[in-house]
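Here's the letter readout for the chains.
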Amino acid sequence: MTDKAKDIGTGKYFTMVTYGCQMNENDSERLAGQLKQVNYTYTDKTDEADLILINTCCVRESAEKKIYGKIGELKRLKAVKPELIIGIVGCMAQKDREKIIKKAPHVDLVMGTNNLHKLVEVITEVANSKEHVVAVWEQSEESAGESPVSHKGKVAAYVPIMYGCNNFCTYCIVPYVRGRERSRQVSEIVREITALGQEGFKDITLLGQNVNSYGKDHQAGTTDFAGLLKAVDKIDTIERIRYMTSHPRDMNKDVIEAIAGSQKICEHFHLPIQAGSDILLKRMNRGYTTEYYRELIKSVRTLVPNASITTDLIVGFPGETDELFQETLAFIKEIQFDAAYTFLYSQRSGTPAATMPEQVPLPIKKARLKELMDAQNEISLALNKKLEGQTLEVLVEGDSKNDAAKFMGRTRTNKLVLWEKTGKESVGDLVNIKITHAQTWLLKGQAII
Ligand code: SAH
Ligand code: SF4
Ligand code: F3S
């Protein structure tokens, strides 16, 4: 960094809006870390900001629409404050660099996913230029993990273990905007988590688009995901370790056994199935069958008996007939997921599924989504009801969003719990909560202290 760049933020404010997944949340924390290093101050007041960054997602059309709406709103601000810098960064920027400037000429900078660690240089360039700055690299050899991080929370933090995705599921844009898989070194990951523990963080989520292929891009014989889990389980300063996302095809017995034999890896398996029909899974290029998935769940439940299992589902994938949809419905009833994130299939241009025949009309997709959500909600509620009367270990993560008299936290199985504060527990503590009332997405209880 040049001397001049070191204080480009002195006396200036930045704000940031983040869309998309946990990887984007973490990228935003790394962007904020870089800005703070050059003396920018964070503000949550958009009107006050000298720099506004929008970290974007393009996984579904609905996300893009929302983001273009947000970018449009900023035009008014730029008109009254011409020196304001507006930056569009992340996945949609990687994909639509030219389109963004065309649609929104008030945007000053467009920056992709591969060079986010170069933010300060790019902002310096914008400040010295009258043109739009488009800084979109194809793929960086440098590890983006090494930029400073300004964590949003105080108890739970994300730590990326790998970037990119090699899977090319036929509906998904992620491999095109995030590039090929690159794993960080075990030593770097352990160092980052150890430091977070020393700062007081208790709950760490290891991030990657497909964490189960961790280390495959390193030399043969080096640490794989099971090995990484064993290594991070030994870090004393941390209470809980989570990871996301797993690809069912690459989840194996070694990993499940490593989790079963660990102290800190939480008993929560998020295993996106996407569809419960073998025909659709094949067209999606997921690389497993329902029978394989069924066996996988059996191993999980045998080796980690109290595990919670959650999933992602897409409805209305091209060629999904009512009969195939019924297979998905029957499958979720059979597996009994604790929770499922359900999405309407969204055509992403450039992906193979976008041009597949037999696209499903929107009203049919919506009706199926409702049917699926209703069925899943019933299952989630029934499973949560079984927890009533039980006492569970909960990590105090902060105040309840709607009621400052209550704390919120999560169980090891990743269930959200709310309870009346007793005055004896503090943020970051592990407390026993007796569950008194279960809802579909939430447990309510009483602290036993
Ligand atoms: N790498 C992770 C997350 C990918 S994006 C994984 O493989 O699970 C998160 C979820 O978005 C996916 O699991 C999928 O259910 C959904 N998704 C991805 N592309 C989509 C599309 N084109 N339309 C609808 N949902 C999609
Ligand atoms: Fe997308 Fe599939 Fe990669 Fe997940 S594994 S990011 S769904 S291509
Ligand atoms: Fe995440 Fe959306 Fe990008 S889901 S990887 S922010 S396209």
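See the structure shown above.
Residues numbered from 1 in each chain as written. Chains lettered and ligands numbered in written order. Predicted model: local features only at pLDDT ≥ 70, side-chain atom pairs only at ≥ 80, totals over all residues. Heavy atoms only, no water.

**Considering the site of ligand 3**
Here comes step 1: Taken together, Gly 20, Cys 21, Asn 24, Cys 57, Cys 58, Val 59, Cys 91, Arg 178 and Gln 209 make up the full set of residues near ligand 3.
Here comes step 2: Residues of the shell around ligand 3, tallied by class, amount to five nonpolar, three polar and one charged. (Near = heavy atom within 4 Å. Nonpolar A, V, L, I, M, F, W, Y, C, P; charged D, E, K, R; others polar.)

**Thoughts on the nonpolar core**
Here comes step 1: Ranked by size, the top nonpolar core spans 67 residues in total, and within it Leu 206, Phe 225, Tyr 243 and Phe 269 carry the most contacts.
Here comes step 2: In terms of residue count, helix α13 (residues 322–335) provides more of this core than any other element does, six residues in total.
Here comes step 3: Apart from residues no more than four positions distant in its own chain, Tyr 243 is found in contact with Thr 205, Leu 206, Val 211, Phe 225, Leu 229, Met 251, Ile 259, Ile 265, His 268 and Phe 269. (Core = buried A, V, L, I, M, F, W, Y, C linked by side-chain atoms within 4.5 Å. Buried < 20%, exposed > 50% of the residue type's maximum accessible area, 1.4 Å probe, protein only. Helix = DSSP H or I, 4+ residues; strand = E, 2+ residues; numbered from the N terminus. Contact = heavy atoms within 4.5 Å.)

**Structural notes on the sheet that holds strand β1 (residues 13–18)**
Here comes step 1: Taken in spatial order, the six strands of this open sheet run β2-β1-β3-β4-β5-β6, and their pairing is parallel. Two strands in the sheet have a free side with no partner beyond their single neighbour: β2 (41–42) and β6 (133–135).
Here comes step 2: The pairing of β1 with strand β3 (residues 51–56) spans five bridges and is classified as parallel. Residue pairing across strands places Val 17 opposite Ile 54, the latter belonging to β3.
Here comes step 3: Set on the sheet, helix α1 (residues 22–37) makes contact with β1, β2, β3 and β4 (85–90); between it and β1 the angle comes to about 175 degrees.
Here comes step 4: Where helix α6 (residues 119–127) meets the sheet, its contacts fall on β3, β4, β5 (109–111) and β6, and the angle it forms with β5 comes to roughly 160 degrees. (Pairing = 2+ DSSP bridges. Axes fitted to C-alpha atoms, helices over the stretch in contact; angles between N-to-C directions.)

**Examining the sheet that holds strand β11 (residues 240–244)**
Here comes step 1: Overall, parallel pairing links the three strands, which are arranged β7-β10-β11 in an open sheet. Taken across any chain shown, the strands that pair with only one partner, and hence form the sheet edges, are β7 (156–160) and β11. Within this sheet the neighbouring strands show an average axis-to-axis angle of 25 degrees, counted without direction.
Here comes step 2: The strands touched by helix α8 (residues 186–199) within the sheet are β7 and β10 (203–207), with β7 carrying the most contacts at an inclination of about 165 degrees.

**As for the packing of helix α9 (residues 225–233) against helix α10 (residues 253–260)**
Here comes step 1: Two elements in contact, α9 and α10, have axes whose closest approach is 8 Å; the angle formed by their N-to-C orientations is 10 degrees. When the axes of α9 and α10 are compared, the pair comes out roughly parallel. Helix-helix and strand crossings are classified by hand; for α9 and α10 the assignment is left-handed. Every residue of α10 that contacts α9 at Phe 225, Ala 226, Leu 229 and Lys 230 is listed here: Asp 254, Val 255, Ala 258 and Ile 259. (Parallel < 35°, antiparallel > 145°, perpendicular 65-115°, else oblique. Left-handed = near helix turned anticlockwise from the far one by under 90°.)

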